[in-house]
Each structure stands twice: as C-alpha cells, then as structure tokens.
Amino acid sequence: MRKQYSSKQFLKGAMILTLAALVTKVLSAVYRVPFQNIVGDIGFYIYQQVYPFYGIAIVLSTYGFPVIISKLVAEKLEEKDEEGAKDVALTSFLFLCIVGLIWFMIIYFGAGMIAGWMGDPRLMPLIQVISLSFLLLPPLSSLRGYYQGKEDMLPTAVSQVAEQSIRVVTILVFSTLLVAQGHSLYTVGNGALFGSITGGIAGVIVLIFFLALKKERAVSGIFTLAKDYQSIWKRLLKDGTAICVSAMLLILLQFIDSLNVYALLTSSGMEEGAAKKLKGIYDRGQPFVQLGNVVATSISLTIVPLVTSAYIGKKEGQVREYSQLSLKISIIIGFAASLGLINLIVPTNTMLFENSAGSSVIAVFCMSIFFSCLILTFAGIFQGIGSIYYPAICIIAGVALKYAGNAILVPVFGTMGASLATISSLALVTLLMMLRLKKIFPLRLIDFSFYKTLILSGAAMTIVLQGLMLLYGLLLTYGMPERVTAVFFSIGGVFIGGTVFIILLLRGNVLSQEELGFLPFGSKWVRLMEKIKPIIKSR
C-alpha cells in the first residue's frame, strides 16, 4: 500500500494552491483598473462582454477537471499502479481534447450568433479570438490533475501564476500600444483578449518544464487508452461538470450580464453609445467584488481544507466545528468588506476609475461580496464532505433567477436592475445551501451575541466612515483635486474603518482564542485580542 494519507502533507499542498489562487485572483482583479484607465468605459464594456468566455475556460482548466483527474490518479497510486496513473492522465487528456474542441467549435463558429444575442455584432471577431483558449484545456487540465494526484502542488501553482502574469502583461502592453497608435476600441479589445492565449501557452510551458525537470513522462504510451476509459470519461463528465459549475457562479452571472444587459438597454430605447458606456460603468463593480472575495477566501480557505481532512478521518465533530468556524469567518469578512466598500464607494470609484459615475449601482453590486463569500465557503464544505452535485444545482437555480431578473428589472431600472438581479440570485443560492447544510449537520451557525456584536461593529464603522465622507465632500467644495483627495480618503478610510470594526469585534469575543489560532498570523490576532481587553475573557 502507498503511504498513509498525511493530514499535514494535505494541508501543505492545499496552502500552496490557496496562495497561488490568491495571487491569480489579485492579478485578475487589479489589472482591470489600469486597463479601464487606458481604454475608458466603452473599451471596458467591449472587453467585459467577452471576458466570461475566458472565465469559463480558466475554471474548467483550474478548478474543475484537474480536481477529478487528481482523484483518479491518486486512486491508482494508492494501488501502487504508477503506469495506471499515467494512463489516467492520457485518457483524461484525450477526453478533454474532445471537450475543448467542441467548446472551441461552438464558440468560434457561433460567434456571430452570440454577438447578435448580445446586441453588438462587432464583438464577433473578439469572441472568435477567445474561443482559442479552449484548445489549451487538455494539456493544462490533465497535467495539473496528474501532479495534484501525486500530491505535488507546486507545478499547478507555478503554472497558474505564470498564466495569469503573462496574460496581464499582454493585456496592458497591447492595449497601451494599440490605443497610442489610434486603433479602434474593438481592435484594442481584440489585442487584450489575445492575452488569454499567451497566458495559457505560458501555463503549458511551465507544466512541460516540470515534466522535463523531473525526467518523467506523464503518460505511459502514445494514444493508449486505459482499459476502464469509459468509467474515467464518465466521472470526468459528471463530477468534473458539477465542480466546474460550482466554481463558475460569478462568471456565469457575468455571462448573463454580457448576454442581455446591453441588449435590454438598447431595446428599451437607449442610444447605443450611451448603453455601452453605462454597461462599462456597471462592469466596474467586478474588480470590487473580486478584491473583496480575495480577502474572504484567504481566510476561509485556510479552514475548509481542515473540513476535508476531518471528513476523511471520519471525525464528524471536527467537521461540524470547522464548518461552523469557516462560515463564521466568511460572514465576518464578507459583511465587513461589503459594508466598508458601500460606505467608501464614491472616493474608491474615483480613485480607481477617474470619476464617481455609477457609484450607487456599484454600491448595491458590492453586496455580492457578502453572499459570494458565504457561497464559496458552503461550496468548499460540500466538496469536502463529498457532496458535489447539490452546490451545482443551487447555482443553476441562481443563474436562472439572474436571467429572469435582468429581463424584468433592467428595462425598468437600467443597470441598477442588473445589480438587484445579481443580489437576488446570490441570496437564493446562499439560502438553498444553508438549508441543505443544516439538514446534513444540525449546526447552530450563529447565536444572538454574534449578530449583536457584528451589527454594532458595522454600525460604528459606518458612523466613522460617513463622518469621513462628509469631510471628503466638504474638501471637494473648496476645490481640492478630486482624484488625489479620493486616494487619501479611500486608503485612509479602509485603515480607519477596518480598525474600528476589528477592535469592536474582538472586544465582543465572537471568536475564541483557539478559533483565532486557525487564522493566518493567528498568534498575532490572539495577542491583539488580549491587548484590547475583550469584554469576555473566555467562552
């Protein structure tokens, strides 16, 4: 038998992947700011209309199929069948060649029809460019899954960071050069989307480099299918699709917005240029939500692997304990991030995107952070206990509500209607997952004291930040430079508001010292808690 499962090794590997995911998420959120500054709101609209296709490709090659392939490879290695593990990698590669080719052909040859649905035929060549990224799905997914199955997370992590880094550099360099040369914004968007190809190729090169470095072949023979290839393909299709859907929630909501927000605005009588600009301003909300989720996932993902480890060890009490803790932390971080951004949205919008246009719409959209943080944690817990289909069902229900919500609300309320539809769909998914988890584990998720402390901390933060906003408005009336002032108040507001929230939260003792110890820099949080003399010393 292979060496016994090591909880420590599992957590180390999970941490490597978590850090890589955080780096890529930060890069994916941050580059949009200089990109929007280069191309403006209409250029941002053009890019964001097509971006969800790349988002789908990246989920398939990072969070979906590699997870299932890694499980299949690990099962073979448990049986000391090294050649069988390589056959799994090859069989998966061949299956994904078919999947990737199907995705490519549907999107490439259907680009005209898709652009027509979006209401902007000029998007057709951009959609065709992004379709090429699906051809990179087989090597990225199969090699990442192969290494993860061998409990070697480094190749996957390095390839993810390399892919995103090269992509971001390509986007910013191409967009800068093409704008400087006077090309149309659609040409600029085409150049920026080419980054998905250069990034994907960089990811493949990194994975091949690791193969060469380790002097091994990831497959045992060319074009040799495993004997049980049908069962492998079936698991990839069923389980891989379920995990992909669970990881695609925000991307699918963006895809719905791409399909019908602009089309609904123009069909309601809005002039095309104004509708493109309005959609571009609405799309400013995406980086806010991504950055908010980075903070939340950096905390919650350190806990979720513990749920998996406890479940594998059949320690139901620990599964309950870790699930409750991860949800509690997600609620705290999601609530603080959403409320803080809502209070600071005007100067933050100005700081990042040059003006405060659409701040009210973005403020409502930022409520997505709270719900998406919870959903990510719920999905992680479900995956940890082996229940991968239910989250996918919940997300499909949420996407359906989003589509219907856009159709009803956008013609009446414009992009505010799209924000409201997003919040409604996320709230539905959160509710469905919460009810299911409480049925599986009779968790007492939150008690009254937790709610009380959370609300008091949020209220205090809001009062302080609104005081800062009054001062911000006053300074602008006296002719202070808007963007410089916005930078000062945005960064200062995050620091001041965050400090107020954290101090009151720790004084309320909603997290024990033991629970704080699970967090990154846990000992520092415990020392801070002791310094500010919490109201209740022990639980």
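What you are looking at is a predicted structure, and each value in this text was computed from that prediction instead of being measured.

The rules behind the values
Residues numbered from 1 in each chain as written. Predicted model: local features only at pLDDT ≥ 70, side-chain atom pairs only at ≥ 80, totals over all residues. Heavy atoms only, no water. Helix = DSSP H or I, 4+ residues; strand = E, 2+ residues; numbered from the N terminus. Buried < 20%, exposed > 50% of the residue type's maximum accessible area, 1.4 Å probe, protein only. Contact = heavy atoms within 4.5 Å. Areas by Shrake-Rupley, 256 points an atom, 1.4 Å probe, with all protein chains shown as cover. Patch = residues over 30% accessible without salt bridge, like charges linked within 9 Å, V, L, I, M, F, W, Y side chains within 5 Å. Salt bridge = Lys/Arg side-chain N within 4 Å of Asp/Glu carboxyl O. Expected span 1.5 Å × (residues − 1). Bend = angle between axes of the 7 residues up to and from the residue. pLDDT = per-residue confidence, 0-100. Phe/Tyr/Trp six-rings, centres within 6.5 Å; stacked < 30°, edge-to-face > 60°. Lys NZ or Arg CZ within 6 Å of the ring centre and 35° of its normal.

With respect to the overall build of the protein chain
The number of helices and strands found in the protein chain is 23 helices and zero strands. Burial statistics for the protein chain: of 539 residues in total, 55% are counted as buried. Of the contacts made within the protein chain by residues no fewer than 6 positions apart, 83% connect residues no fewer than 24 positions apart. Accessible surface, the protein chain: about 22900 Å² in total, of which carbon and sulfur atoms supply 70%.

Observations regarding the environment of Pro287
For Pro287, the location among the structural elements is in helix H13 (residues 285-300). Ignoring any residue separated from it by four or fewer positions in sequence, one finds Pro287 in contact with Ala29, Arg32 and Phe353.

Quick word on a nonpolar patch on the surface
A cluster of nonpolar side chains, namely Leu101, Met105, Tyr108, Phe109, Leu132 and Leu135, defines an oily patch on the protein surface of about 550 Å² accessible area. Tracing the sequence through the fold places Phe109 in helix H3 (residues 82-109). On the accessibility criterion, Phe109 (61% relative accessible area) is exposed.

Points about the pattern of salt bridges
For the coordinates displayed, the defined rule picks out eight salt bridges. Here Arg144 and Glu163 are joined by a salt bridge, their closest N and O atoms 2.9 Å apart. In this pair, Arg144 sits in helix H6 (residues 137-149) while Glu163 sits in helix H7 (residues 154-180), placing the two residues 19 residues apart along the sequence. A relative accessible area of 4% places Glu163 in the buried class. Where salt bridges share partners, they join Asp41, Lys277 and Arg284 into one cluster.

Looking at helix H18 (residues 389-413)
In this model, H18 (25 residues) spans 35 Å end to end at C-alpha, consistent with the 36 Å of a helix rising 1.5 Å per residue. Taking the largest bend as the criterion, H18 deviates by roughly 30°, centred on Asn406. Residues of H18 that are buried make contact with helix H10 (229-247), helix H11 (249-267), helix H12 (272-282), helix H17 (368-384) and helix H19 (415-440). Of the residues one or two after H18, Gly414 is the one with positive phi, at around 70°.

Focus on the confidence of the model for the protein chain
Looking at the protein chain, pLDDT values average 85 and 87% of them are 70 or higher. For residues 1-7, every residue scores under 50 in pLDDT, and the model assigns this stretch 15 contacts once sequence neighbours within four places are set aside. Scored below 50 in pLDDT, residues 534-539 shows 14 contacts in the model against residues more than four places distant or in partner chains.

Things to note about the packing of aromatic side chains
By the definition in use, this model includes 23 aromatic pairs. Relative to Phe210, the ring of Phe209 lies with its centre 6.0 Å away and its plane at 75°, an arrangement referred to as edge-to-face. An aromatic cluster is present here, built from Tyr31, Phe35, Phe44, Tyr47, Tyr51, Tyr54, Phe288 and Phe353 joined pairwise through their rings. Above the face of the Tyr390 ring, Arg436 is positioned so that its terminal group lies 5.2 Å from the ring centre.

Topic: the environment of Lys214
With respect to the helices and strands, Lys214 occurs in the loop between helix H9 (195-213) and H10. When residues no more than four places from it in sequence are discounted, the contact partners of Lys214 are Tyr147, Asp152 and Pro155.

Notes on unusual backbone geometry
Positive phi is not limited to glycine here, since Glu354 has a value of about 80°. Considering the arrangement of structural elements, one finds Glu354 in the loop between helix H15 (316-353) and helix H16 (359-365).

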